Amino acid sequence: MSGRTPVTVVGGYLGAGKTTLVNHLLRHAPGMRLAVLVNDFGELAIDADLIEAQSGDVLSIAGGCVCCSFGSDLIGALVTLAGREPAPDQFLIETSGVALPGAVARSVALLPSLSIDSVVVLADAETVRVRATDRYMGDTILRQLAEADLVVLNKVDLVDAGTLAGLRSWLGEAAPRARVIESVRAQVPPALLFGRGHEPAGPWSGPSSGRIRPPAPAAAAYESESFALRMPLDVAGLAGDLAQPGCGLVRAKGVLRDADGSLKTLHVVGARFEVSASGAPAEAGTALACIGLSGRLDRGAIERAIVRATRLGLAEPTR
């Protein structure tokens, strides 16, 4: 990410499972220095056995992670945490139940040292459709969903198959640009939420040679594909194609050679994508890793996107 630290913004109404998700991620992001920012410690109950120490508004968490209370100064807290040694690999901002995570992401994106990885919104499968019609909270919930890159549909074990099918259809309209991840007790593989961790410690990274390996799916609900791509190609065009719903991707990451011969890093999460100069060495291997929901990842569509990007890349002579 050319030195920029990725930021994941997590939102959702009260009771959707944000606290459960944050605790799960703190336990299952080995090798990642994760910095969690919350408005107030009282709003986020970090599991006691994870806390190693507290100094003012910063909790030291097992595994090198930290949790910070930012009060009314989110930007100041981000700048302070970014200056820690060692610096965080990834920021996670947990917003309040009435906040709009998309708006928070737009504010954070103004900081040149940070890059928005994704906006993640949790929804309770039992209550979201009812809450979305509430005269006081309904508009906020619908706005949260509309700007999500990923929707974690939590507590799916508490609804029957017919209700779940209806929810999937409803979310297709309420969250048109998001990919939906179904979960029980917010147990989501960190690789789905943290696609741009610090290399080589991040969940997508491979050996220090710069090769990329896909994350091992935590359950049969997910599947992954990887592609060795040695030819120059139109990286931006490929990223745009992979972000289309037809590929069935939740995430993709690659270090690829662009049409001009330079190495580029590609990131896709839901409909959001970004291409930037890669910090990998010139001799690094080039590859693409993709992850999606089991049965929905369309390898054929991904391969067609690669072929199209390769043709465009070859059409522009490498300098």
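Structure shown above.
Below or above, wherever it landed, is the structure these notes cover. Because the structure is a prediction, the values reported are computed rather than measured.

Thresholds applied
- Residues numbered from 1 in each chain as written.
- Predicted model: local features only at pLDDT ≥ 70, side-chain atom pairs only at ≥ 80, totals over all residues.
- Heavy atoms only, no water.
- Pairing = 2+ DSSP bridges.
- Helix = DSSP H or I, 4+ residues; strand = E, 2+ residues; numbered from the N terminus.
- Axes fitted to C-alpha atoms, helices over the stretch in contact; angles between N-to-C directions.
- Contact = heavy atoms within 4.5 Å.
- Core = buried A, V, L, I, M, F, W, Y, C linked by side-chain atoms within 4.5 Å.
- Buried < 20%, exposed > 50% of the residue type's maximum accessible area, 1.4 Å probe, protein only.
- Parallel < 35°, antiparallel > 145°, perpendicular 65-115°, else oblique.
- Nonpolar A, V, L, I, M, F, W, Y, C, P; charged D, E, K, R; others polar.
- Disulfide = S-S within 2.5 Å.
- Salt bridge = Lys/Arg side-chain N within 4 Å of Asp/Glu carboxyl O.
- Polar contact = N/O pair within 3.5 Å; in protein donor to acceptor, adjacent residues only side chain to side chain.
- Lys, Arg positive; Asp, Glu negative; His and termini not counted.
- Left-handed = near helix turned anticlockwise from the far one by under 90°.

**Points about the sheet that holds strand E14 (residues 287-293)**
In spatial order, the strands read E10-E14-E11-E12-E13; together these five strands make up an open sheet with antiparallel pairing. The sheet is open, and its two borders are formed by strand E10 (222-228) and strand E13 (272-277), each paired with just one other strand. Averaged over all neighbouring strand pairs, the angle between strand axes comes to 10°, with direction disregarded. Where strand E11 (residues 249-257) meets E14, six bridges bridge the pair, whose relative direction is antiparallel. Paired with Leu 249 across the bridge in E14 is Gly 292. In this fold helix H8 (residues 235-242) packs onto E11, strand E12 (263-269), E13 and E14, with an angle of close to 10° to the strand it touches most, E12.

**Some words on the nonpolar core**
Leu 37, Leu 78, Ile 93, Val 108 and Leu 145 are the most contacted members of the largest nonpolar core, which totals 72 residues. With seven residues, the single largest contributor to this core is strand E7 (residues 114-124). Excluding its chain neighbours within four sequence positions, the residues that come into contact with Leu 37 are Cys 68, Phe 70, Leu 74, Ala 77, Leu 78, Leu 81, Phe 91, Leu 92, Ile 93 and Glu 94. Judged by nonpolar contacts, the second largest core, of 22 residues, contains Leu 229, Ala 239, Leu 256 and Val 268.

**Considerations on the packing of helix H5 (residues 138-146) against helix H6 (residues 161-174)**
The contact between H5 and H6 brings their axes to 9 Å, and the two run at 80°. When the axes of H5 and H6 are compared, the pair comes out roughly perpendicular. Contact with H5, carried on its side by Leu 142, Leu 145 and Ala 146, involves Trp 170, Leu 171 and Ala 174 of H6 and no other residues of that element. A class-by-class count of the residues in the contact of H5 with H6 yields six nonpolar, no polar and no charged.

**Concerning the state of the cysteines**
Evaluation of the coordinates by the stated rule reveals zero disulfides. Looking at the unpaired Cys 247, the closest cysteine sulfur is the one in Cys 290, lying at 7.9 Å. Accessibility expressed as a relative area gives 5% for Cys 247, which makes it buried.

**With respect to the pattern of salt bridges**
Summed over the entire model, instances satisfying the criterion amount to 13 salt bridges. Linking Glu 147 and Arg 106 is a salt bridge whose minimum nitrogen-to-oxygen distance equals 2.8 Å. A residue pair is termed long-range when its members are at least 10 positions apart, and Glu 147 in the loop between H5 and strand E8 (150-154) and Arg 106 in helix H3 (residues 101-108) qualify at 41 residues. Of the residues examined, Glu 147 reaches a relative accessible area of 27% and is grouped as partly exposed. In this structure Arg 106 comes out as partly exposed when scored by relative accessible area, which is 48%. A single network of salt bridges, built from pairs that share partners, joins Asp 149, Arg 177 and Arg 272.

**Focus on the pairing of E7**
Burial analysis of E7 places 11 of its 11 residues in the buried class, which makes it a mostly covered element. Relative to E7, strand E1 (residues 5-11) runs parallel, the two being bridged by seven bridges. Across the sheet, Gly 11 pairs through a bridge with Val 121, a residue of E7. When E7 meets E8, the two strands line up parallel, connected through five bridges. Looking at E8, one finds that Asp 124 is bridged to Asn 154.

**Some remarks on the side chain of Arg 251**
With respect to the helices, strands and loops of the structure, Arg 251 is situated in strand E11. Here the side chain of Arg 251 touches Asp 117 through a polar contact of 2.3 Å, side chain to side chain.

**Some thoughts on the side chain of Glu 94**
Structurally, Glu 94 can be placed in strand E6 (residues 90-94). Among buried charged residues, Glu 94 stands out as having no salt bridge; its nearest opposite-charge side chain is Lys 18, 4.0 Å away. Each residue touching Glu 94, except ones within four places of it in the same chain, is listed here: Val 10, Lys 18, Val 22, Leu 37, Val 38 and Asn 39.

**Structural notes on the packing of helix H2 (residues 74-82) against H3**
Look at H2 against H3: their axes get within 11 Å of each other, and the N-to-C directions meet at 55°. The angle between the axes of H2 and H3 places the two elements in the oblique class. You can see that H2 and H3 cross each other, and the crossing is right-handed. Contacts between H2 and H3 pair Leu 74, Ile 75 and Leu 78 from the former with Val 104, Ser 107 and Val 108 from the latter. Partitioned by chemical class, the residues of the contact of H2 with H3 number five nonpolar, one polar and no charged.

**Describing the pairing of E11**
The element E11 is extensively covered by neighbouring structure, given that eight of its nine residues are classed as buried. In this antiparallel pair of consecutive strands, E11 and E12, the connection spans five residues, and Gly 261 shows a positive phi of 90°.

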